[in-house]
Amino acid sequence: MSASRGRAAIAASAVLGVGLALIGPAATGQSSTPEHSGSAVHERQQAAKPKPAKPGKPSKPSKPGKPGKPGKPKLTDSEKLRKAVGTPRIMNHLRQFQAAADRYGDRAAGQEGYNAASRYVESQLRAAGYSPRRQYFDFVYTRVNANTVSVGGEQIANDVLTGSPSTPAGGVTADLVTPAVAQGCDAAAWQGVEVTGQIALVNRGTCSFQIKSEVAKAAGAAAVVIWNNAPGPLNNATLGESTPALAPTTGISQEDGQALVADLAGGPVEATVDLDVTVEERRTWNVIAETRRGRADDVVMVGSHLDGVQDAAAINDNASGSATLLETAIQLKKMEGRLRNKVRFAWWGAEELGLLGSTHYVNQLVENNPEALDDIAVYLNYDMVASPNYIIGVYDADESTEAASAPVPAGSIETERLYRAYFRSVKQPVVDTAFSGRSDYQAFIENGVAAGGLFSGGDGVKTEEQARLFGGTAGITYDPNYHTPADDISNISRRSLDIMSDAIAHMTIRLGRSTVAIDTPDDTLPTGRRSAPRAPEGVLLR
């Protein structure tokens, strides 16, 4: 809840209605008991009249007692929850997600592995006392059956972008053409180039893969080949949701792309692109559960995506976030009486296909119940929290390291400050990670909901300074197995998982108790930087 919203108090009957609307018609009949902080009942105290003492026998002198032992210091709510959300329990959940992938091949949206993982989450939530609900949505499912790129009879390794349509049967054989501007991000880049019926060869960068494919098709390309802008292959890329505006699109390495561009300098180069992709509509779902207690007009929402990429167990990305969230929900239920605000947990579907599950959730609120969207005080996102070459990254809402490439709603900077305050309290170094909207918080921030989150790193490269702070190896990626079949149970850093799970538990109950720190921005700081000054990236403030 941001200060700008200025909520009025909501009657209990309306609160019940909002809570039910958020989790769909299946939730009818679920009880909700909002508990409003700041509405303490003051009872009148009456002083009792002293009664005259009756004459009696003189009392015996009391015996001297034994010296008492000093009591143990009382644990805070945060300490209790952190202690309860143990890494061994999270690892048990991860083993169940691995087992689902082992049995069905992966946990991708629209596949049986995702369904099995979802059923496991639901069963654990029910056992803990929640009433989880599914929020169904339809999406376009794609799977690559075969893919060939060849030049002069020699095949070039390629990875079809998720969401790509197939080429016609037998493929497309035509000349390679390049835009005037290598990235091919707008129609102007193709002016003066004969594209119709040809194969567009474009460089990664500047704009999204989706835009490159759509622009090339609009110019007349029959297929698109995107070459990487960094050494190595262009793999596990996505066009987002499959649409008729897209051309058949695949990706190749920087080395192969540069070689083809050099060949084109000597004259026409004929190539064949043959992509066989299954494209069909399927149904999947989000899993949503919330506490019964707490204010329904000041909801703390916490989420992670439950799906993974195809042909992988997807344990770090993102069973790590989902398992940690699950254990946090289980243990929080035992402390529900300590909450003043309702806490809502979400396990999103089809994130890997373009943030589809979380976007569907937010869009449904925007269209059908905008007041309920306004009742979400903050959304906390956890996508990859146990990378093997990890960093401890906090979403950089105050843009102290780099400019945000997405909206930064009021309360987001204050959320970052709370994460940093916690990490300082436990003397844990942290670094900024981009506030980019490239995960399930995107739809929330685009609709004005404050957000924050943690990230242990994906395909970025670890620096020397980060290796000094967190250990690991500089010069290689945070997760060398990102979006590959090697992202299995052995790809987890227990140390990162332990650090991150403590922070996740802390923030969940900290905000479940009070969101005042988010609702009241620090107006003493300059506009656009409402956060305490911080040291350079990777330096711990004490």
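The coordinates are above.
What counts, and at which threshold
Residues numbered from 1 in each chain as written. Predicted model: local features only at pLDDT ≥ 70, side-chain atom pairs only at ≥ 80, totals over all residues. Heavy atoms only, no water. Core = buried A, V, L, I, M, F, W, Y, C linked by side-chain atoms within 4.5 Å. Buried < 20%, exposed > 50% of the residue type's maximum accessible area, 1.4 Å probe, protein only. Helix = DSSP H or I, 4+ residues; strand = E, 2+ residues; numbered from the N terminus. Contact = heavy atoms within 4.5 Å. Disulfide = S-S within 2.5 Å. Pairing = 2+ DSSP bridges. Right-handed = clockwise from strand over helix to strand, strands pointing away. Expected span 1.5 Å × (residues − 1). Arc of directions from axis to C-beta.

Caption draft 1: Region of the structure containing the nonpolar core. Formed by 64 residues in total, the largest nonpolar core has its most connected members in Phe 97, Trp 347 and Tyr 382. In terms of residues, this core owes the most to one element, helix α13 (residues 494–513), which gives 9 residues. Not counting residues within four places of it along the chain, the set of residues in contact with Phe 97 comprises Arg 107, Ala 117, Tyr 120, Val 121, Leu 306, Ile 315, Ala 319, Ser 322 and Ala 323. Ranked by size, the runner-up nonpolar core spans 23 residues in total, among them Met 301, Phe 435, Ala 443 and Ile 445.

Caption draft 2: How the structure looks around the state of the cysteines. This model, assessed by the stated rule, comprises 1 disulfide. Linked covalently through their sulfurs, Cys 185 and Cys 207 form a disulfide whose S-S length is 2.1 Å. Between Cys 185 and Cys 207, the S-S torsion sits near -90 degrees, and that sign places the bridge as left-handed. On the criterion of sequence distance, the pair formed by Cys 185 in the loop between β4 (172–177) and β5 (199–203) and Cys 207 in the loop between β5 and α5 (209–219) is long-range, its members being 22 residues apart. Looking at Cys 207, the relative accessible area reads 17%, which means it is buried.

Caption draft 3: Local environment of the environment of Val 449. Looking at the element boundaries, Val 449 is found in the loop between α11 (442–446) and β14 (451–455). Relative accessible area serves as the criterion here: at 3%, Val 449 is assigned to the buried category. Considering only alpha carbons, one finds Val 449 and Pro 407, 42 residues apart in sequence, at a separation of 9.9 Å. With residues near it in sequence (within four places) discarded, Val 449 still touches Leu 373, Ile 376, Val 378, Tyr 379, Pro 409 and Phe 444.

Caption draft 4: How the structure looks around the pairing of β5. The element β5 is largely enclosed, with a buried count of 5 among its 5 residues. Of the two faces of β5, the one lined by Ile 199, Leu 201 and Asn 203 and the one lined by Ala 200 and Val 202 are each fully buried. When β4 meets β5, the two strands line up parallel, connected through 2 bridges. Across the sheet, Leu 176 pairs through a bridge with Ile 199, a residue of β5. With 5 bridges joining them, β5 and strand β6 (residues 223–227) adopt parallel strand pairing. For Ile 199, the partnering residue across the bridge sits in β6 and is Ala 223. Once the chain exits β5 it traverses α5 before rejoining the sheet at β6, and the crossover so formed is right-handed.

Caption draft 5: How the structure looks around helix α8 (residues 356–368). End to end, α8 covers 18 Å across 13 residues, agreeing with the expected 18 Å (1.5 Å per residue, within 8%). All of the buried residues in α8 are Leu 356, Gly 357, Ser 358, Tyr 361, Val 362 and Leu 365.

Caption draft 6: Looking closely at helix α2 (residues 77–84). The set of residues buried in α2 consists of Asp 77, Ser 78, Leu 81, Arg 82 and Ala 84. For α2, the angular spread of the buried residues around the axis is 165 degrees, confining them to a single face. Along its buried surface, α2 packs onto α3 (87–104), α7 (315–333), α10 (412–425) and α13.

Caption draft 7: View of the environment of Ala 216. Its place among the elements puts Ala 216 in helix α5. Taking relative accessible area as the criterion, Ala 216 reaches 0% and is therefore assigned buried. Separated by 16 residues in the primary sequence, Ala 216 and Ala 200 have C-alpha atoms spaced 6.7 Å apart. If we skip the residues at most four places from it in the chain, Ala 216 touches Trp 190, Val 195, Ala 200, Ala 221 and Val 224.

Distances and angles like these do not, on their own, reveal function.
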